[in-house]
Structure formats: C-alpha cells, structure tokens
Amino acid sequence: MVTIERAGNIALIAVNNPPVNAISQAVRIGLTEAVETLDSDPAVEVIALYGMGRTFIAGADIREFGKPPAPPFTIDVCDTIEQAKTPIVVVMHGSTLGGGLEIALACHGRVALEGTIVGFPEVTLGIIPGGGGTQRAPRLTGLRAALDLITTAKRIGADEALKLGLIDEIASGTPRDVALSAAGAVLTGAFATRRVGALDVTPDPEALAETAAKLKASAPNLFSPHKAVEAVRASTLPLAEGIAAERALYLECQASPQRAGLVHAFFAERAVEKIPEKGTPPRALEAIGVIGGGTMGSGITTAALLAGFPVILAERDEASLARGRATIEKNLAGAVKRGKLTAAKEAEILASALRITTDLADLADTDLVIEAVFEDMGVKKEIFATLDSVMKPGAVLATNTSYLDIDEIAAATTRPGDVIGLHFFSPAHVMRLLEVVVARETTADVVATGFALAKRLGKIAVRAGVCDGFIGNRIMSHYRKVGDYLVMDGASPEAIDRALEGFGLAMGPFKVGDLAGLDIAWASRKRLAATRPAEERYIPIADRICEAGWFGRKSGQGYYVYGEGDPKPNPAVAKIIAEEQAKAGIAPRNFSAEEIVDRYMTAMISEGARVLEEGIALRPIDIDAVFLFGYGFPRTRGGPMHYADTIGADALVARIAHYAKEDPYFWKVPALLAAMAKDGSTFADRNEG
Ligand code: COA
C-alpha cells in the first residue's frame, strides 16, 4: 500500500490504496514506517510523497468510523512527517480531502497538479479534522479563511488554494514525475521548505465570533461545525496544545449519533447503485421523449435538457403544449438565475434541443419515452398501446406513475420487458431522488438503462418493486395517518409540525400538505373510500377543511393562514377539530414532542419493515436513501431504518404493542420486526452482502 523508491539522494513514497487512497490503518502504518526508514537513512536528502491512481489521499477511511480507534492515528503520522529531519514535499492530485489534506499540510512543501480539488469535508460527516488540520490550515491561510474552509466543507480548486497559501505551487505532469522534479528543486534550493507547525497564527477574535454567530443561526442543531470553531480557536496556542484541544473535540464528534447518521447517509448515496443488474450494459441513450407537459412532465423535460439530452415533449393539444413549453422556459430561466446554466446555453436549448409535438408518432425514434400524464389507468394503457405500435424496437417505455400498477400498464404492450417505472419527485429538475420501479417482466438492461439515465441526470436512483406507492409514497401514506390520529386525540397540527421539525424534518407534515395542496390527498381519499377497510380509523377533519374550500397555501388558508409574515395556525381549523372531537366523544389530551415523534417514526419504520418483507426495497439502506433524497429526512439521522437501529427492534415492538391497545388495526407488529426483536439483529445487518 505504501512503497519506497530511491533515485540517488532522492526518495519517493507512493501511496496505493484504490480506489481513492483512503488513509486506512495499513496506510498509516506504511507511511510511518516509510518516513522513519528514509529519515534515518543518511543517503536520502529529500523525500517526495505522492499518490497512485486517480487521486492523492481522499481522506480518512470512512469505514473505520465508529470502530475502536486503530493506531497510529493520522495525527501521529502528521507529527512523524513534520518532525522528520529530511525535507518532505508532497504532490497532490485528484481530490485531496480531509486527512489527505492534513497529511499534505504536515509536509514541508506542497505542489498540486492542475485540476486538484482540496477541502475539509469532515463536517458533512459529523466530525472535524482530527489530523492537525484545524491547527495547520490557519497557520498558512490565516484564521478567517481556515474557518471558512473547515466550517463550510467547501471544495476549492488548486488556483484558489494557491491564493490562500494552502499550497506552494501548481504543476502539470504525472504525480511521480512532478514528485521527482519537486524533490530536485528542493535539492537545488529552488523550492524552499518549512515546518507549518512552527508558524504563528495571528489572533482574529472577530472572525471567530462572526462564524460562531453565523453557525448558531444557520445550523443550530448540527454538532460538529460548532466544535470546528472551537478547534480553530485553539490554533493561536502553541501547536501541541492546539493539537490536544483538536483531538478532544474530534473524539467528541466521533462519538456523536450525528456522525453515525451522516456517515450512513454518505454510504446510502453509493449503496443504492449496488443492484442485481449491475454489470448489465445499459441500452443506448441519446434522445428522450416525454409525454405530458404538466408540472411533472415539464420538470422531467427540464432535467433532461439540463443534462444535455435532446427532448421531444408530446401533449394532446396545442394549448397544453404551449403551457408545458412555458413551464420549461420558466424552469430554465430559474436555472440561469441560480447559476446552473448560462444564458447562451439556455437559448441554445430552446432553439434546438427542445421539440414539441401533438403526435406520439414523432417520438418513434427516441431511445426512451417517459409518460407523465395524470394518474388514470385507462389513459395510461391507451398511451402505452400507442407507444407499442409507434416506437422503434428496443426503445425503453417508462411511466412516471406515483402508485399505479406498472405490470398492468406493461400488459397493454406486446413488449412488457421494455416497460419500467421512473418515478421522479417534484420539482423533477431539482429533487435528487429517482425511484426506478422494476415490473415483473422488465429486462435487466432496461433496469440498467434507468440507472444510467439517473446518473446522467445527476440523480440518485433507488431500485423499487411494484406496489401501491412503491417505496416512498407507500410508506408515507401509512405514517401520514398518524398525524391525523394525533390531531383527533389532542395534538394541534402546529404542535405536530414543530415536534417533527425539531426532530429535523425539513418541514412538518401539515405545512407540507398546505404547500402541496390539500385537494390532492382529498381526491385520493374519495377514490379509496369505497374500498377502505371498515376497521380502519377514519378522521374526517381534513375532508371538512377541503369542503370549506381551503386547500392550503394556494387558497390562502389550510391548516395555516397565509398572508403577511409567517403563516399562522388557522383558528377555523381548530374549531373543526374541536367539533369533530366532541362528535366522536374524544377528550383531547396532551402529547409531548417526544411522543409525537415516537409515534410518527414508529409508523414510518413499521411500514418500512413491511416494504422490506415484500421485497419492494432491496435493503434497509435503499429506504433510507429514498427518505434522505426525496422526502427531506434529516441526514444527521441517517434515514428511518438507520434511526430504527438506534431504538432497537425490541423497543419498537414494545411501542407498537402499547399503541395497539388504542388501535389494533393500524398498529400491528411487522413479522420482520418481530423476528429481529427475537434474534437481536438489526437493519444494518441486512445492508450487508
Ligand atoms: N473512505 C472510505 N471509502 C471511500 C472514501 C473514504 N474516505 N471515499 C470514497 N470511498 C469509496 C466510496 O464509498 C466508493 O466505494 P464503492 O465503490 O464501494 O461504492 C468508492 O470509494 C468510490 O467513491 P465515489 O464517491 O463513488 O467516487 P468518485 O470518483 O465519484 O468520488 C471522491 C471520489 C473522493 C471525490 C468522493 O468519494 C468523496 O468525496 N469521498 C469522501 C471524501 C471525504 O469525505 N474525505 C474525508 C473523510 S474525513
């Protein structure tokens, strides 16, 4: 993993730990031994360190987090490097992040290849730099710039790093060649070296106070960024004292549940790519067709255009097409405003990449068609039958349905193997999640094409099976009922929103309802009324709100009243709630924020367990990814199934049994959870393999 090469009085140390040269224990041992060996060799006058493969060290080995610390630590390696008598220069390339950057800062001179990215991503993983980064970075860049880098986790290019003083030079060539020439320059005196730890830091109390205040306002519930400020504050002390302060703060962060949640979220983003179809080559993807110019269809078209695809949008008449095109134009203009697209590119897309039509036959030569019309099985079947007759052989036929049976849609064609669900989340050009719904006959290369599309669109694809609502909406329609039950039993909608926002959800469920429009769920309740089981507890409050014509934000009121300033709880809704409680003979009681969260999360986890039992999701971590990237679930909690493990299956089973005393129909123990409580296993166990 770490090898030594000698060339006269120059020695090279190469790190080779694919794929990203993470600084695992073996690398730490190897580096320490290499430096000690070479430093005690009188024939070696200069040492140059570089990384093999696509990047210099991309950071700590995140897989070691949460395990017992394994010496030597990165901080020890940095100390060994900095204290070496022989000058050590480093050549950075690729992504030199976290522990990789800390190793570089401990070296006596730093060269970065063109295109190198550097940064301290630690706070995104719930920790702070623990290899002296909070002490050495301020010695090079000044306290303010170091605080900014460390607390925001931003990744910067070599040019900016040079300007900040974080690196000494930018060069081009292979890492090994540049290492040799940098070492040669040290020998001739052309490249001056120094010990960063020996430099002083100018105190900057204003920068510390400003950053602390900013974080208090923007990230009051995050643990590690505040600790990072404390660590940087210690950088004006002598190095050894500052390092000791950093170490103590680092260990506090490592022990925090937020670290576990954030690291889980990091791996969730990557784990979802591991599907049975991995390795199957996807079909060619050059041109895309979209059917339906409503919010979803326009959003999907925008996403595809932004990713560089030519798109043909089909609608049933000219007026709908014009509306669709206008929405796309608005979306693209928004992208220009946010700096995601240049005005020139926008003009080019509108002039040549986007075409519109009212004739499905015009889609015939596209490689993949995404149907995004309204949720009506009859209409969808008709569209798929037409697609079957017009589309070129081998085209992928996708539906963006949110809950309809894709097997039934596929059966309307003579090529069900080509049919798949691609369930986007609104706004489709912004939200990162894409559920790739695999129907009974979908072929492996069509699944692989769904994943390839997601990658091109910059989205996170999660493989799901067919059921009502797939992974996300299926679980959501279950736990959403808990909100209604809690309201009926005495918790106000705003208390519920507050409790769940306190837990970390981006927005409470009643605010979300108001934002999405209460009429949507109302229509679905009316549709399902005939088949609703008699045992199911039904809460009529939401229906009464809709009957009054209050659909949420778009009609000025819903659970909240919207006007100037913050939305206010709607007193008319409070009156409806009180009337319904009286009618049902319910004496409202108090619910603590903790009980609200517990009930809500227990319902989410229970339905998640059922989704796993039925094989709708491959692994618990896939469910976590759906909620992290599609539903605003807090990253610090890792996702609902990761959170479930922090409670434990036996405690969850006991909770459900307790709630079931009030409502045995809703609160049932899923078989999987019961089995887990019995054998002591966890959802994490089911993520392996
Ligand atoms: N420790 C352990 N594994 C890591 C890792 C790390 N620091 N960084 C990446 N990996 C793994 C990924 O999990 C992935 O594994 P998989 O192939 O089994 O899924 C593999 O390395 C490749 O990573 P990926 O992110 O898919 O590659 P990329 O080329 O798109 O991006 C990086 C490379 C380095 C930019 C990106 O992986 C990254 O940002 N890593 C995190 C860096 C970090 O936070 N370091 C500081 C830790 S304190």
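About the criteria used
Residues numbered from 1 in each chain as written. Predicted model: local features only at pLDDT ≥ 70, side-chain atom pairs only at ≥ 80, totals over all residues. Heavy atoms only, no water. Axes fitted to C-alpha atoms, helices over the stretch in contact; angles between N-to-C directions. Helix = DSSP H or I, 4+ residues; strand = E, 2+ residues; numbered from the N terminus. Parallel < 35°, antiparallel > 145°, perpendicular 65-115°, else oblique. Left-handed = near helix turned anticlockwise from the far one by under 90°. Contact = heavy atoms within 4.5 Å. Nonpolar A, V, L, I, M, F, W, Y, C, P; charged D, E, K, R; others polar. Pairing = 2+ DSSP bridges. Near = heavy atom within 4 Å. Polar contact = N/O pair within 3.5 Å; in protein donor to acceptor, adjacent residues only side chain to side chain. Areas by Shrake-Rupley, 256 points an atom, 1.4 Å probe, with all protein chains shown as cover. Buried < 20%, exposed > 50% of the residue type's maximum accessible area, 1.4 Å probe, protein only. Salt bridge = Lys/Arg side-chain N within 4 Å of Asp/Glu carboxyl O. Phe/Tyr/Trp six-rings, centres within 6.5 Å; stacked < 30°, edge-to-face > 60°.

K.L.:
Help me out: how do you make sense of the packing of helix 18 (residues 472-489) against helix 24 (residues 593-613) in this one?
P.N.:
Angle between the axes and distance between the axes: these two values describe a pair of packed helices. It is the contact of helix 18 with helix 24, at a shortest axis distance of 9 Å, that shows an interaxial angle of 155 degrees. Accordingly, the angle class assigned to the pair helix 18 and helix 24 is roughly antiparallel. Crossing handedness for the pair helix 18 and helix 24: right-handed. On helix 24, the residues that touch R474, I475, H478, Y479, V482 and L486 of helix 18 are I596, R599, Y600, A603, M604, E607, G608, R610 and V611. Along the lines of polarity and charge, the residues of the contact of helix 18 with helix 24 split into nine nonpolar, two polar and four charged.

K.L.:
Teacher, can you tell me more about the sheet that holds strand 3 (residues 46-51) here?
P.N.:
Strand pairing within a sheet occurs via backbone hydrogen bonds; the two strands may be parallel or antiparallel. Strand order in the open sheet formed by six strands is 1-2-3-4-6-9, and the pairing between neighbours is mixed. Only two strands of the sheet have a single neighbouring strand rather than two, namely strand 1 (2-7) and strand 9 (169-171). The mean angle between the axes of side-by-side strands here comes to 25 degrees, regardless of whether they run parallel or antiparallel. Here strand 2 (residues 10-15) runs beside strand 3; their pairing, made up of six bridges, is parallel. Across the sheet, V15 pairs through a bridge with G51, a residue of strand 3.

K.L.:
Just checking my understanding: could you explain the site of the ligand for this structure?
P.N.:
Lining the immediate environment of the ligand, one finds 20 residues, of which R54, A60, I62, R270 and K274 sit closest. I62 places a main-chain nitrogen or oxygen 2.9 Å from a nitrogen atom of the ligand. Here an oxygen atom of the ligand and a side-chain polar atom of R155 are 3.0 Å apart. Protein contact buries 74% of the 870 Å² of open area that the ligand shows by itself. When contributions to the shell around the ligand are tallied by element, the ones reaching two or more residues are strand 5 (95-97) and helix 11 (257-271).

K.L.:
What is the right way to read the environment of L237 from this model?
P.N.:
In this structure, L237 sits in the loop between helix 9 (224-233) and helix 10 (239-254). The exposure class of L237 is partly exposed, given its relative accessible area of 36%. Separated by 204 residues in sequence, L237 and E441 place their C-alpha atoms 66 Å apart. Ignoring sequence-local partners within four residues, the contact set of L237 consists of R139 and G242.

K.L.:
Explain the pattern of salt bridges to me, please; I cannot follow it from the model alone.
P.N.:
Side chains that differ in sign of charge can pair as their charged atoms come close. Under the criterion given, the structure shown has 41 salt bridges. Between D168 and R194 there is a salt bridge, with the nearest N and O atoms lying 3.6 Å from each other. Taken together, the positions of D168 in the loop between helix 6 (158-164) and strand 9 and R194 in the loop between helix 7 (175-188) and helix 8 (205-218) put the pair 26 residues apart, joining distant regions of the chain. The exposure class of D168 is partly exposed, given its relative accessible area of 26%. E269 is the salt-bridge partner of R432, the closest N and O atoms lying 3.2 Å from each other. Taken together, the residues span a long stretch of sequence, with R432 in the loop between strand 15 (419-424) and strand 16 (433-438) and E269 in helix 11 at a distance of 163 residues. Among the residues examined, R432 registers a relative accessible area of 35% and is labelled partly exposed. Salt bridges sharing partners connect three or more residues here, namely R544, K575, E579, E580 and K583.

K.L.:
Looking at this structure, I do not really get the packing of aromatic side chains. What am I missing?
P.N.:
One pair of aromatic rings is described through two measures. These are the centre distance and the angle between the planes. One pass over the full model with this rule turns up twelve aromatic pairs. Ring centres of F425 and Y631 lie 5.5 Å apart, and the angle between their planes is 70 degrees; on these two criteria the pair is classed as edge-to-face. In this pair, F425 is assigned in the loop between strand 15 and strand 16 and Y631 in the loop between helix 25 (620-630) and helix 26 (640-647), connecting sequence segments 206 residues apart. Among the residues examined, F425 registers a relative accessible area of 7% and is labelled buried. Seen in terms of ring centroids, Y479 and F627 are 6.2 Å apart; in terms of plane orientation they differ by 55 degrees. Their pairing is tilted. Of this pair, Y479 sits in helix 18 while F627 sits in helix 25; the two residues are 148 residues apart in sequence, bridging distant segments of the chain. One exposure class covers both Y479 and F627, and it is buried.

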